[in-house]
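These are the residues of each chain, in order.
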Amino acid sequence: MRIPDRVVRFVLKPCVFVASLGPVSWLVWAALTGNLSPNPLSDLTNETGVWTLRFLCITLAITPLRRLTGWNPIIRFRRMTGLFAFFYGTLHFLTYVIADRFAGLDFPNGIVAWTTVQNLAKSVGEDIYKRPFITVGFTAWTTMVPLAATSTAGMIRRLGGKRWNQVHRLVYATPCIGVLHYWWLVKADVRRPIIYGIVVASLLAFRLYRARRVAVVPARA
Ligand code: HEM
């Protein structure tokens with residue numbers, strides 16, 4: 001399939017960008033119009049969490065799709081989908097900080113005070129330390145920070161291809177830790193985390209299979 005470069009750059013990429021803003025736009029609209037459940041903050045946390053995982057899966061799926069379809073320009077969407085995973089992950093983290101931690105604070109000196117910042121940091125830190133599924137979620141988010149920070153062309157140049165590739169191996173760890181976090185937090189019905197686990201495992205297995213084939217074929221030739 002031959003799609004002109006201009007179409008990818010000026011039509012497809014903007015379309016994917018706008019579509020990727022769909023979930024957050026829907027959430028804002030639903031929150032403003034009272035279309036969330038009686039526990040809207042929990043809805044916001046859960047939806048942003050699920051969309052983080054979806055964007056991580058979409059990002060991991062790009063290389064296999066490229067190999068299977070032979071459509072190379074698809075690789076040009078990978079940075080965008082990866083950054084959207086980070087965007088939703090950060091929204092998820094911030095929603096948790098506000099809904100789960102900030103809401104439970106006391107404000108002895110008013111809301112806008114240095115003690116509020118200190119108490120919030122203490123509360124988040126203690127929760128990350130105490131609740132294992134939060135520890136795991138936070139670890140998953142932390143692995144995305146260097147990925148996002150080194151996603152620019154300037155950083156690729158500065159790090160050099162080899163080191164950049166080493167840093168970007170984290171992209172395999174993030175969805176695995178994300179699935180573990182999901183699995184850990186659901187109380188009874190583990191079907192959805194299992195489905196995400198299967199998707200992530202299949203996408204990683206495809207890479208492993210390809211890497212072995214590429215390593216074996218030249219040896220035989
Ligand atoms: C890559 C990073 C992360 C991913 C992929 C992720 C994914 C998810 C998913 C899929 C859910 C459940 C949604 C549902 O039940 O419908 C969730 C819930 C949640 N996550 Fe995360 N998460 C991540 C990072 C974090 C971080 C950094 C924190 C906080 C430090 C966090 C705290 C929570 C909380 C509090 C819930 C709601 C639990 C509940 O209502 O029972 N997550 N997350």
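Thresholds applied
Residues numbered from 1 in each chain as written. Predicted model: local features only at pLDDT ≥ 70, side-chain atom pairs only at ≥ 80, totals over all residues. Heavy atoms only, no water. Helix = DSSP H or I, 4+ residues; strand = E, 2+ residues; numbered from the N terminus. Expected span 1.5 Å × (residues − 1). Buried < 20%, exposed > 50% of the residue type's maximum accessible area, 1.4 Å probe, protein only. Contact = heavy atoms within 4.5 Å. Donors = N, O, S within 2.8 Å, 3.2 Å for Na, K, Ca; no water. Near = heavy atom within 4 Å. Polar contact = N/O pair within 3.5 Å; in protein donor to acceptor, adjacent residues only side chain to side chain. Nonpolar A, V, L, I, M, F, W, Y, C, P; charged D, E, K, R; others polar.

### With respect to helix H4 (residues 78–101)
With 24 residues, H4 extends 33 Å between its outermost C-alpha atoms, agreeing within 8% with the 34 Å of an ideal straight helix rising 1.5 Å per residue. Of the positions making up H4, those classed as buried are Met80, Thr81, Phe84, Ala85, Tyr88, Gly89, His92, Phe93, Thr95, Tyr96, Val97 and Arg101. On the buried face of H4, the contacting elements are helix H1 (5–20), helix H2 (22–32), helix H3 (40–69), helix H5 (114–130), helix H6 (132–149) and helix H9 (170–185).

### Remarks on the coordination of the iron atom of the ligand
Six octahedral donors around a metal ideally sit at 90 or 180 degrees from one another, while four tetrahedral donors ideally sit at 109.5 degrees. Donor atoms from the polypeptide that bind the iron atom of the ligand are His92 (NE2) and His181 (NE2), placed at 2.0 to 2.1 Å. The buried category is assigned to His92, whose relative accessible area is 19%. Judged by its relative accessible area of 14%, His181 falls in the buried class.

### Some points on the site of the ligand
Near the ligand lie 22 residues; those nearest to it are His92, Tyr96, Gly137, His181 and Leu185. Within the side chain of His92, a nitrogen or oxygen atom sits 2.7 Å from a nitrogen atom of the ligand. At 7 residues, the largest contribution of residues to the shell around the ligand is made by H6. Broken down by class, the residue content of the shell around the ligand amounts to 12 nonpolar, 8 polar and 2 charged.

### Concerning H9
For H9, which comprises 16 residues, the first-to-last C-alpha distance of 23 Å matches the rise-based estimate of 22 Å (1.5 Å per residue) to within 8%. Within H9, the full set of buried residues consists of Thr174, Pro175, Ile177, Gly178, Val179, His181 and Tyr182.

### Comments concerning the side chain of Thr63
With respect to the helices, strands and loops of the structure, Thr63 is situated in helix H3. Excluding its chain neighbours within four sequence positions, the residues that come into contact with Thr63 are Ile75, Arg78 and Arg207.

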